[in-house]
Amino acid sequence: MPSPRQDAEKEIIADALFHNGDWTESLQIYQALAKDGLVDPADDWILASDYICLLSLGAGPGEAERFIENLPESVYQNRSYLQASNHYRRMGNEAGEVAISLRRIRSGKWTTFGDFDHLGQILERNLSPRELLDTLKQLDREFQNMPVVQWHLLKAELKLDLNEDAALRAQMLLKRKAIGQYGFSNEKDYRAWLQKIAGAPSPWLKANEIRAIPEHYHMYLQPVGEIDLELLDAAADMASRFFGTRIIIRPAIPEPTQRDVYTNDLSGYVGQTLLRYLASARKPPEDAINQLFVVNRRFLVYGRGQVRDLYRMGLGTVISTDLLQSHISDEGERTRRLAAMIIRHFKYYVERSQGISFDDAPNNKPCVNTQFYFSQDPKFAYCPECVANYRNASWDQIHAFVQALPMKIAFQPDYGSRPKIRQSTIDNIKSYVDEVQAAMKGIEEAATGH
Ligand SMILES: [Zn+2]
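Every chain begins its residue count from 1, and numbering advances along the sequence as written. Whole-chain, interface and lining totals are the exception, using all residues; otherwise, since this is a predicted model, local features are given only for residues with pLDDT of at least 70 and side-chain atom pairs are given and counted only at 80 or more. Side-chain descriptors were evaluated using all non-hydrogen atoms of the structure, hydrogens and water having been removed beforehand.

Donor atoms: N, O and S within 2.8 Å of the metal, or within 3.2 Å for Na, K and Ca. Because water is excluded, sites can look incomplete. Distances from the zinc ion to its protein donors, Cys 367 (SG), Cys 383 (SG) and Cys 386 (SG), fall at 2.2 to 2.3 Å. Judged by its relative accessible area of 1%, Cys 383 falls in the buried class. The cut-offs for exposure are 20% and 50% of the maximum accessible area for each residue type, with area from a 1.4 Å probe on protein chains only; residues under the lower value are buried, those over the upper are exposed, and the others partly exposed.

As structure tokens, then:
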């Protein structure tokens, strides 16, 4: 690793040569320095980006392009990519510019807005609508959300007759304050055009109206300790009808008795520790695309305080009936709220398995997936954005994601303990795992009559 001072020196050399004004002379000095081993533009992105520029201006396209093409990916950073595409642009070599820009997008190194107006146009000229759509969807959400990128995505969807996707995109764009006026003489005309594409608002749908869950995958609820099974049954039934698949309630496992799972005043669980215990003791069945732990106490979450409904860590989830039991007296309403919690929890697996981050996830009231739905009346349907995410999800990816969860959140003897877990906690978790296994064996023996 070069020191900050070496980096600073290189910047100064590069800057001085760059501003010399005589490209050929600067290039000669640069090459002399390289020959003496003082600089190596092929090994350093700061130097590489200026060297590309000097070659392009001082030596001609042949040498510049040889250097660009042979530069290893590790030396490419946003700035070197930018200089490389500037070179092709300067030469009027659109194919070269498209190729290097695609490489830049696919490398995930698109870290500046750059001149996307120009890039969007050349990509549109040189790629099929399908290739353009797939390429733009590789950009980070932040860049995908730029109005100019939205405009290109929308046009590609229309060309591919993806009318539902286009309508939804137009609806989302119309909600924004600033959307530009791409292809139109003013924003008002652009909005009128979007309005036509948006058509009637997309419907809110239940999961079973969007697509069926394949029969070989199942959803599971795992009660912990003494849970009101009548309530859980009724809520699971309601959520089952929403998804169009039966949600299986597994036999209850014993509640941990180890002291470190509880808060100092014993009023509730320590959320993080609890989830480690549960995930270690009860892995999702092999056919599970969803497993949810259900407890009846509140959680303490460091940095967040008391949580009385839903807690996630590393995306493993526990829900608590505590708030429902103490705040809602009507039985039907209690069932409805618990069913909504079961449904909302699945949102994270659907979104994370597609790489949708927390910040980009939809949160449209009163969608059943909305956070903090306790303050309002949840509608038992997905909003159009959640509909799109549910429609685009891959069952196999969700399955792989859920199956990998215990590795992330459990204590795994095979993977060693993470430094954050104390030895006493590891010992406690091991004893809890043994207790759960013994209890489950008892239940199985009773069931089979042995
Ligand atoms: Zn939603």
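A few words on the pattern of salt bridges. Whenever Lys or Arg places a side-chain nitrogen within 4 Å of a carboxyl oxygen from Asp or Glu, that contact is recorded as a salt bridge. With the rule as written, the count across this model stands at 16 salt bridges. Between Asp 322 and Arg 298 there is a salt bridge; the shortest N-O distance is 3.5 Å. Of the two residues, Asp 322 sits in helix α16 (residues 322-327) while Arg 298 sits in strand β5 (residues 298-301), which places them 24 residues apart along the sequence. Note on Asp 322: relative accessible area 13%, which makes it buried. Numbering goes from the N terminus for both helices and strands, where a helix is a DSSP run of H or I of at least four residues and a strand is a run of E of at least two.

Right, let's talk about the domain arrangement of the protein for a bit. It is common to report an interface's size as the accessible area lost on association of the parts. Just so you know, the domain bounds were taken from an automatic or database domain assignment. Each assigned domain of the protein is listed with its residue range as follows: domain 1 (4-166) and domain 2 (208-439). The centre of domain 1, based on its C-alpha atoms, is set 45 Å off from the matching centre of domain 2.

Bringing the sheet that holds strand β4 (residues 288-295) into the picture now. Here we have five strands laid out as an open sheet, ordered β2-β1-β4-β8-β7, and mixed in their pairing. Unpaired on one side and paired on the other, β2 (247-249) and β7 (310-313) mark the two borders of the sheet. Strand-to-strand twist in this sheet, taken as the mean axis angle between neighbours without regard to direction, amounts to 25 degrees. Alignment of strand β1 (residues 218-223) against β4, held across six bridges, turns out to be parallel. Looking at β4, one finds that Gln 222 is bridged to Phe 293. Of the strands in this sheet, β1, β2 and β4 touch helix α14 (residues 229-243), which is tilted by about 160 degrees from β2. Strands qualify as paired when DSSP identifies two bridges or more between them. Convention adopted: a line fitted to C-alpha atoms gives each axis, helices being fitted over their contacting stretch, and angles between N-to-C directions are expressed from 0 to 180 degrees. Residues count as neighbours in contact if any of their non-hydrogen atoms are within 4.5 Å of one another.

Looking now at unusual backbone geometry. Residue Pro 366 follows Lys 365 across a cis peptide bond; omega there is -5 degrees. As for its placement among the helices and strands, Pro 366 is situated in the loop between α17 (331-352) and α18 (384-392). Within the chain, Asp 161 stands out as a residue other than glycine whose phi angle is a positive 60 degrees. With respect to the helices and strands, the residue Asp 161 is situated in the loop between α10 (147-159) and α11 (163-174). Unusually for a residue other than glycine, Leu 315 sits at a positive phi of about 75 degrees. If you trace the backbone, Leu 315 turns up in the loop between β7 and β8 (316-320).

Here we come to the packing of helix α3 (residues 45-58) against helix α4 (residues 61-70). Pairs of packed helices are described in terms of their axes, by the angle between the two and the distance that separates them. Across the interface, α3 lies against α4 with an axial gap of 7 Å and an inter-helix angle of 155 degrees. Relative to α4, the element α3 lies roughly antiparallel. Where α3 crosses over α4, the handedness of that crossing is left-handed. Taking contact as the criterion, the partners of Ala 48, Tyr 51, Ile 52, Leu 55 and Ser 56 in α3 are, on α4, Glu 63, Ala 64, Phe 67 and Ile 68. Here the term charged refers only to Asp, Glu, Lys and Arg, the term nonpolar to Ala, Val, Leu, Ile, Met, Phe, Trp, Tyr, Cys and Pro, and the term polar to all other amino acids, Gly among them. In the contact of α3 with α4, the residues fall into seven nonpolar, one polar and one charged. Roughly parallel means an angle under 35 degrees; roughly antiparallel, over 145; roughly perpendicular, 65 to 115; everything else is oblique. Should the near helix be turned counterclockwise from the far one by less than a right angle, the crossing is left-handed, whereas a clockwise turn marks it as right-handed.

Take the nonpolar core next. As used in this record, nonpolar core signifies buried Ala, Val, Leu, Ile, Met, Phe, Trp, Tyr and Cys residues forming a set joined through side-chain atoms within 4.5 Å. Judged by nonpolar contacts, the single largest core of 48 residues is most densely connected at Phe 243, Leu 338, Ile 342, Phe 346, Tyr 382, Tyr 390 and Ile 398. Contributions of two or more residues to this core are made by α13 (207-210), β1, α14, β4, α17, α18 and α19 (395-409). Ranked by residue count, the leading element in this core is α17, at 10 residues. Setting aside its immediate chain neighbours within four residues, Phe 346 contacts Met 219, Phe 243, Ile 289, Asn 290, Tyr 390, Trp 395 and Ile 398. If you look at the next biggest cluster of nonpolar residues, it comprises 29 residues, including Val 224, Tyr 262, Tyr 311 and Tyr 432.

All right, on to the confidence of the model for the protein then. pLDDT: the predictor's confidence for each residue, scored from 0 to 100. Averaged over the protein, the pLDDT score is 87; the fraction of residues at 70 or greater is 91%. Mean pLDDT across the elements of the protein ranges from a minimum in helix α1 (residues 4-18), with 66, to a maximum in β1, with 97.

Two numbers describe how helix α5 (residues 78-91) lies on helix α6 (residues 94-106): the axes approach to 8 Å, and their chain directions differ by 165 degrees. Considering their axes alone, α5 and α6 lie roughly antiparallel with respect to each other. Judged by the twist between their axes, the crossing of α5 over α6 is left-handed. From α5, Asn 78, Tyr 81, Leu 82, Ala 84, Ser 85, Tyr 88 and Arg 89 reach across to α6, where they touch Gly 96, Glu 97, Ile 100, Ser 101, Arg 103 and Arg 104.

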